[in-house]
Amino acid sequence: MNSSFISIGVTVIAGFLGTGKTTLINHLLTHADGRRLAIMVNDFGALNIDRELISEEEEGLISLSNGCVCCNLQGELASSIEGLLLSRGEQLDHVLIECSGVSDPARVVSVLGYPSLRRRCHLDAVMTLIDLSRSLESTQGELRALLQSQIASADWLVLNKADQALPGIHAELKENWLLPNARVIETEQARLPPELVFWRSDAPVSLEPSANDTIHDHTGIAELGLSSHSFEHQGAMNGAELSTLLQRLPGAILRIKGVVQLEDGRQLELQRAAGQLETRPFPHRDTPGTRLVFIGQTADCDWPALDRDLQALAR
């Protein structure tokens, strides 16, 4: 497969100062499991990559021992991203962009929509971290507006430092900050399950810890009340009917990604990211067909019923 036709997924990591963005990035790097990642940050001093991960440093670029790279955001955001993709795009599986603690992730989302970038990459999700050990109520003026925008832009809200949570902080967030249908996940030390960030449509989501994980430094999605479900069909699907079905799925189904075989022979990559259902052309695989992967809240997801609905659209 010619990798020049593959659109690279981008995850934007946002959150105010001290919420745990650097800790999250180091956690994801440690659990990359062979994935080739690029980390784009505002400056290396703020990122503070774990020293044992660094194999080589040069101006504007850090090479990491697990095959990943970290680069500084220099100049205009669009040109920085485009430069990375042009120089190393064929060597990458995923891009993480860490926003400054006092920047609005909506700007990054807007830039990723530029025509020059849409051919090479796509927004996979915006993840905004919130520190449960601190109240946001004293925040006023422009800073309060910034925090509101960081939260409103999020596909996932990562409520970090759950082990240090202030009494009443959940009620405070729900009443004054969070949107009614916000997708929320709680973490300690930003140990977000990597499968929520790095998951492919051509492979199942594993609920088991990887070889590099231990129960002490990694939380799986099962422990968070989440489960994954896969649907496979060797034939084609009715694209219009499938789109309607997926648009109407309950909010308990948090993530959708897959490859769909259409009746006219085309294959499309499909995902729900940043609250929107998106499709893009996908290079033909050796084995045609449809494969969809879902992640949802276990208690509220009726996977057998979803299978029945999907089978009704199969051709």
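Keep in mind it's a predicted model, so treat the numbers as computed, not measured.

Quick notes on the rules
- Residues numbered from 1 in each chain as written.
- Predicted model: local features only at pLDDT ≥ 70, side-chain atom pairs only at ≥ 80, totals over all residues.
- Heavy atoms only, no water.
- Helix = DSSP H or I, 4+ residues; strand = E, 2+ residues; numbered from the N terminus.
- Pairing = 2+ DSSP bridges.
- Axes fitted to C-alpha atoms, helices over the stretch in contact; angles between N-to-C directions.
- Buried < 20%, exposed > 50% of the residue type's maximum accessible area, 1.4 Å probe, protein only.
- Core = buried A, V, L, I, M, F, W, Y, C linked by side-chain atoms within 4.5 Å.
- Contact = heavy atoms within 4.5 Å.
- Arc of directions from axis to C-beta.
- Polar contact = N/O pair within 3.5 Å; in protein donor to acceptor, adjacent residues only side chain to side chain.
- Disulfide = S-S within 2.5 Å.
- Salt bridge = Lys/Arg side-chain N within 4 Å of Asp/Glu carboxyl O.

A. The environment of Val-41, seen in detail. With respect to the helices, strands and loops of the structure, Val-41 is situated in strand 2 (residues 37-41). Residues Val-41 and Cys-71 lie 30 residues apart in sequence; the distance between their C-alpha atoms is 6.6 Å.

B. Spatial organisation of the sheet that holds strand 5 (residues 69-72). Here nine strands make up an open sheet; going across it, the order is 3-4-5-2-6-1-7-8-9 and the pairing mixed. The open sheet is flanked by strand 3 (54-58) and strand 9 (184-186), the only strands paired with a single partner. Between one strand axis and the next, the sheet turns by 20° as a mean value, whatever way the strands run. Across four bridges, the pairing between strand 2 and strand 6 (residues 94-98) is parallel. Opposite Met-40, over in strand 6, you have Ile-97 as the bridge partner.

C. Up close: the pairing of strand 4 (residues 61-64). Burial along strand 4 is two-sided: Leu-61 and Ser-63 facing one way and Ile-62 and Leu-64 facing the other are all buried. Note: strand 4 against strand 5, three bridges, orientation antiparallel. Bridged to Leu-61 within strand 5 is Cys-71. Where strand 4 hands over to strand 5, the hairpin turn is made up of four residues, of which Gly-67 adopts a positive phi near 90°.

D. Broad picture of the nonpolar core. Ranked by size, the top nonpolar core spans 31 residues in total, and within it Leu-29, Ile-39, Leu-64 and Leu-192 carry the most contacts. When residues no more than four places from it in sequence are discounted, the contact partners of Leu-192 are Leu-24, His-27, Leu-28, Met-127, Val-158, Ile-185, Thr-187 and Val-197. Counting residues in hydrophobic clusters, the runner-up holds 26 residues, among them Ile-8, Val-10, Leu-77 and Cys-121.

E. View of helix 8 (residues 239-247). Listed in full, the buried residues belonging to helix 8 are Leu-242, Leu-245 and Leu-246. The arc that holds the buried residues of helix 8, viewed along the axis, is 95°, so those residues lie on one side. Sitting at the head of helix 8, Asn-238 places a side-chain oxygen 3.2 Å from the backbone nitrogen of Ala-240.

F. Representation of the side chain of Gln-267 in the model. Within the secondary structure layout, Gln-267 lies in strand 12 (residues 267-273). Take Gln-267: its relative accessible area is 3%, and that puts it in the buried class. One polar contact links Gln-267 to Gln-261, side chain to side chain, over a distance of 3.1 Å.

G. How the structure looks around helix 9 (residues 303-311). Within helix 9 the residues assigned to the buried category are Trp-303, Ala-305, Leu-306 and Leu-310. The buried residues of helix 9 occupy an angular sector of 155° when the element is viewed end-on, so they sit on one face. If you check the start of helix 9, you find a side-chain oxygen 3.1 Å away from the backbone N of Ala-305, and it comes from Asp-302.

H. Inspection of the state of the cysteines at higher detail. On inspection of all chains with the given rule, the structure shows zero disulfides. Of the cysteine sulfurs around Cys-68, a residue in no disulfide, the closest is that of Cys-70, at 10.0 Å.

I. Quick peek at the pattern of salt bridges. Scanning all chains against the criterion turns up seven salt bridges. A salt bridge links Asp-131 to Lys-161, with the nearest nitrogen and oxygen atoms 3.2 Å apart. Here Asp-131 is found in strand 7 (residues 121-131), whereas its partner Lys-161 is found in the loop between strand 8 (156-160) and helix 7 (169-176), with 30 residues between them in sequence. Among the residues examined, Asp-131 registers a relative accessible area of 5% and is labelled buried. With its nearest N and O atoms 2.9 Å apart, the salt bridge here joins Glu-232 to Arg-291. One end of the pair, Glu-232, is in strand 10 (residues 226-233); the other, Arg-291, is in strand 14 (residues 290-297), and 59 residues separate them in sequence. On the accessibility criterion, Arg-291 (8% relative accessible area) is buried. Salt bridges sharing partners connect three or more residues here, namely Asp-131, Arg-134 and Lys-161.

As far as function goes, none of this settles anything; it's purely spatial.
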